[in-house]
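Listed below are the residues making up each chain.
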Amino acid sequence: MFNRNRFMMKQTSKWFLFLSFWLLSFTAGAQMSQGRFGYLSYNAIFRSMPEFAVSQQKLADLKSKYDQEAQRSEAEFQRKFAEFLQGQKDFPENILLKRQHELQDLLVKSIRFKEESQSLLAQAEKDLQADMLYLLNEAIRAVGVENGYAYIINTDGNACPFINPAMADDVTNAVKEKLQLPITVEP
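Note that this is a predicted model, so its numbers are computed, not measured. Every chain's residues receive numbers from 1 upward, in the order its sequence appears when written. Local features in this predicted model are restricted to residues of pLDDT 70 or higher, and side-chain atom pairs are both shown and tallied only at a pLDDT of 80 or more, whereas totals for entire chains, interfaces and linings draw on every residue. Side-chain measures were taken over the full set of non-hydrogen atoms in the model, leaving aside hydrogen atoms and water.

**Quick look at the packing of aromatic side chains**
- The rule is short: rings of Phe, Tyr and Trp, with Trp giving its six-membered ring, pair when the centres are within 6.5 Å, and they are stacked under 30 degrees, edge-to-face over 60, tilted in between. With the rule as written, the count across this model stands at 4 aromatic pairs.
- Between the aromatic rings of phenylalanine 46 and phenylalanine 52, the centroid separation amounts to 5.4 Å while the plane-to-plane angle is 65 degrees, which identifies the pairing as edge-to-face.

**Brief notes about the pairing of strand E1 (residues 37-40)**
- Throughout, exposure labels follow a simple rule: accessible area from a 1.4 Å probe, protein chains only, divided by the maximum for the residue type, with under 20% read as buried, over 50% as exposed, and the rest as partly exposed. Elements are defined by DSSP. Helices are runs of H or I of four residues or more, strands are runs of E of two residues or more, and each kind is numbered from the N terminus. Side-chain alternation along E1 places Phe37 and Tyr39 on one buried face and Gly38 and Leu40 on a second face that is also buried.
- Pairing between strands requires that DSSP locate at least two bridges from one strand to the other. With 4 bridges joining them, E1 and strand E2 (residues 151-154) adopt parallel strand pairing. Considered in E2, the bridge of phenylalanine 37 is made with tyrosine 151.
- Sheet analysis places E1 next to strand E3 (residues 169-170), joined by 2 bridges and oriented parallel. By the bridge assignment, tyrosine 39 is partnered in E3 with aspartate 170.

**Regarding the confidence of the model for the chain**
- Confidence scores here are pLDDT values: one per residue, from the predictor, ranging 0 to 100. With 80% of its residues at a pLDDT of 70 or more, the chain shows a mean pLDDT of 85.
- Confidence drops under a pLDDT of 50 for residues 15-24, and excluding neighbours within four residues, the segment shows 0 contacts in the predicted structure.
- Across residues 26-33 the pLDDT falls below 50, and counting only partners more than four positions away or on other chains, this stretch makes 4 contacts in the model. Two residues qualify as a contact provided that any one of their heavy atoms is within 4.5 Å of a heavy atom in the partner residue.

**Points about the sheet that holds E3**
- The strand order across the open sheet formed by 3 strands is E2-E1-E3, and the pairing between neighbours is parallel. Of all the strands in the sheet, the pair left with one neighbour each is E2 and E3.

**As for the side chain of aspartate 156**
- The residue aspartate 156 is located in the loop between E2 and E3 in this model.
- Under this rule, positive means Lys or Arg and negative means Asp or Glu; His and the chain ends count for nothing. Salt bridge criterion: a side-chain nitrogen from Lys or Arg within 4 Å of a carboxyl oxygen from Asp or Glu. Here aspartate 156 sits buried without a salt bridge, and the closest side chain of opposite charge, arginine 47, lies 6.8 Å off (N-O distance).
- Every residue in contact with aspartate 156, bar those within four places of it in the chain, is listed here: Ser41, Tyr42 and Asn43.

Rendered as structure tokens:
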């Protein structure tokens with residue numbers, strides 16, 4: 001009788017273990033089919049923000065000012081170079097050397113200005129877009145928490161060429177809604 005009870009307990013525990021694993025896999029499968037992760041195009045949402053167009057216009061205006069200054073500097077260099085070429089035959093050696101140094105200094109300053117302006121433009125872009133990036137990241141985080149997502153994948157750059165729509169949710173419109181942006185209606 002003792003062996004029979006032991007056998008029954010073993011059989012019962014096997015069935016219990018089997019049912020537990022089956023229930024666990026069924027629950028996990030149900031959760032996966034409900035979409036435990038989301039995906040979106042970060043850049044598409046970022047570019048649809050009204051602040052993005054404003055920042056691009058400010059950057060274009062700043063770049064235009066830098067370009068104008070570079071053109072002014074280049075015109076000054078061209079003018080002085082033309083004067084140098086015209087008078088080089090008549091200049092005494094010390095004036096010739098002085099003018100050559102002036103031209104060289106102008107050229108070096110022009111190159112430095114172009115490099116510095118590129119760096120300043122890049123920094124201005126980061127500064128102008130910092131608040132937008134914060135808002136977008138907070139909206140993504142809020143959508144993720146509210147919908148119980150383990151993670152939200154950024155599909156930009158073809159980093160994730162296939163996502164099974166039965167196992168994931170496109171959260172683009174949910175994030176746009178959080179940001180109060182126009183919602184994209186798909187056909």
